[in-house]
Amino acid sequence: MTGKRSGMKTLGVCGGIASGKSQACKILREFPGVIAHIDADSLAHSVYAPGSSVIDEIADHFGRGKVIDDEGCVDRKALGSIVFSSPEQMSALEIVFSSPEQMSALEQIVWPHVRSRLQDELDRTEQELDNNTD
């Protein structure tokens with residue numbers, strides 16, 4: 001990020017499933033000086049939107065007929081059944097992968113797109129803040 005607010009601090013909140021990330025962000029947004037909030041979970045889900053290049057990449061790797069539905073959307077349930085182990089082997093807070101290679105492949109496809117969207121959103125937010133201070 002560049003611009004007038006290059007000294008702006010960026011805080012990322014990380015944690016596992018049901019660890020309280022949303023609650024922590026809600027509390028942090030109430031602090032004085034917090035000027036923006038970007039929900040990375042929402043950005044991550046957006047890469048699966050119809051028309052996204054991720055869909056073709058996922059289809060190429062996992063099989064279009066196996067993980068893409070009739071409307072051209074990722075069938076997350078079908079994809080999950082390939083990537084994750086059976087529900088009997090999953091605990092509430094620990095996901096056991098049936099195939100680390102399949103999970104790694106999915107991460108290598110999806111996360112660069114999420115990272116790009118996050119950087120775009122950070123840049124857009126900074127530009128918006130710069131424009132509001134002119």
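Residues numbered from 1 in each chain as written. Predicted model: local features only at pLDDT ≥ 70, side-chain atom pairs only at ≥ 80, totals over all residues. Heavy atoms only, no water.

**Student:** Explain the pattern of salt bridges to me, and be specific about the residues and the numbers.
**Tutor:** One pass over the structure, following the stated rule, counts three salt bridges. As a salt-bridge pair, Asp-56 and Arg-64 come within 2.8 Å of each other at their nearest N and O atoms. Residue Asp-56 is classed as partly exposed on the basis of its relative accessible area of 40%. Notably, a salt bridge pairs Glu-121 with Arg-124, separated by 2.5 Å at the nearest N-O pair. One end of the pair is Glu-121 and the other is Arg-124, both in helix 6 (residues 100–132) and three residues apart, which spans about a single turn. Given the relative accessible area of 23%, Glu-121 is considered partly exposed. Put simply, Glu-121, Arg-124 and Glu-128 are held in one network by salt bridges that share partners. (Salt bridge = Lys/Arg side-chain N within 4 Å of Asp/Glu carboxyl O. Buried < 20%, exposed > 50% of the residue type's maximum accessible area, 1.4 Å probe, protein only. Helix = DSSP H or I, 4+ residues; strand = E, 2+ residues; numbered from the N terminus.)

**Student:** Before we move on, could you go through the nonpolar core and cite the residues and values that matter?
**Tutor:** In terms of nonpolar packing, the biggest core is built from 18 residues, with Tyr-48, Ile-58, Phe-62, Val-74, Leu-79, Leu-106 and Val-110 touching the most fellow members. Put simply, the parts of the chain that give this core at least two residues each are helix 3 (53–62), helix 5 (76–83) and helix 6. (Core = buried A, V, L, I, M, F, W, Y, C linked by side-chain atoms within 4.5 Å.)

**Student:** I'd like to hear about helix 3, residue by residue, with values.
**Tutor:** In an α-helix, one turn spans 3.6 residues; hence positions three or four apart end up facing the same way. When we look at burial in helix 3, the residues that qualify are Val-54, Ile-55, Ile-58, Ala-59 and Phe-62. Buried positions in helix 3, seen along its axis, are confined to an arc of 135° and lie on one side of it. Taken from the residues just after helix 3, Gly-63 is the one with a positive phi, measuring 105°. (Arc of directions from axis to C-beta.)

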